[in-house]
Amino acid sequence: QVQLVESGGGLVQPGGSLRLSCAASESTLDTLDDYTIGWFRQAPGKEREGVSCISRSGGSTYYALSVKGRFTISRDNAKNTVYLQMNSLKSEDTAVYYCATTYRFCSLNDRWYSGWGQGTQVTVSS
């Protein structure tokens, strides 16, 4: 099972942008193009929620209503990396963001995912 590494988080003001990256760890020989990839987030005191997912080819994507129109998921299989471009960030987007893999079709249900990374912190604050 591939292990993932997230990066790109940080502190940003409301209305700002960040781009998160999700890559296979250096210790694995797996490639991400075998998997559907999902992005999830967990804010303090809240349950983990699905944010977005992308199919193996990148041809299908899905977004939570709370981020639709502001976030864009994409993948570069040649670079073995999946991205989450986050624009017009709001304070309620503050959370630890995780990516994970599944062999299933795109879904925001985290029960179908594995290979979770350690997460990257996104803080939206003025």
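See the structure printed just above.
Notes on the structure in this doc start here. Remember, it's a predicted structure, so these values are computed and weren't measured experimentally. (Residues numbered from 1 in each chain as written. Predicted model: local features only at pLDDT ≥ 70, side-chain atom pairs only at ≥ 80, totals over all residues. Heavy atoms only, no water.)

Moving on, we come to the nonpolar core. With 28 residues, the main nonpolar core has Ile 37, Trp 39, Phe 71, Val 82, Leu 84, Met 86 and Tyr 97 as its most contacted residues. Elements with a contribution of two residues or more to this core: strand E3 (18-24), strand E4 (36-42), strand E5 (49-54), strand E7 (71-76), strand E8 (81-86), strand E9 (95-102) and strand E10 (120-124). Setting aside residues no more than four positions away along its own chain, Met 86 makes contact with Gly 16, Ser 17, Leu 18, Leu 20, Arg 70, Phe 71, Tyr 97 and Val 122. (Core = buried A, V, L, I, M, F, W, Y, C linked by side-chain atoms within 4.5 Å. Buried < 20%, exposed > 50% of the residue type's maximum accessible area, 1.4 Å probe, protein only. Helix = DSSP H or I, 4+ residues; strand = E, 2+ residues; numbered from the N terminus. Contact = heavy atoms within 4.5 Å.)

Turning to the packing of aromatic side chains, a few remarks are in order. Throughout the structure, instances matching the rule amount to four aromatic pairs. Judged by centre distance (4.9 Å) and plane angle (70°), the rings of Phe 40 and Tyr 113 are edge-to-face. With a gap of 73 residues between them, Phe 40 in strand E4 and Tyr 113 in the loop between E9 and E10 connect regions that are remote in the sequence. The exposure class of Phe 40 is buried, given its relative accessible area of 0%. On the basis of an interplanar angle of 80° and a centroid distance of 6.4 Å, the ring pair of Tyr 98 and Trp 116 is categorised as edge-to-face. Of the two residues, Tyr 98 is situated in strand E9 and Trp 116 in the loop between E9 and E10; the sequence distance between them amounts to 18 residues. Taking relative accessible area as the criterion, Tyr 98 reaches 17% and is therefore assigned buried. Here Arg 111 stacks its cationic end above the ring of Trp 112, 4.6 Å away from the centre of that ring. (Phe/Tyr/Trp six-rings, centres within 6.5 Å; stacked < 30°, edge-to-face > 60°. Lys NZ or Arg CZ within 6 Å of the ring centre and 35° of its normal.)

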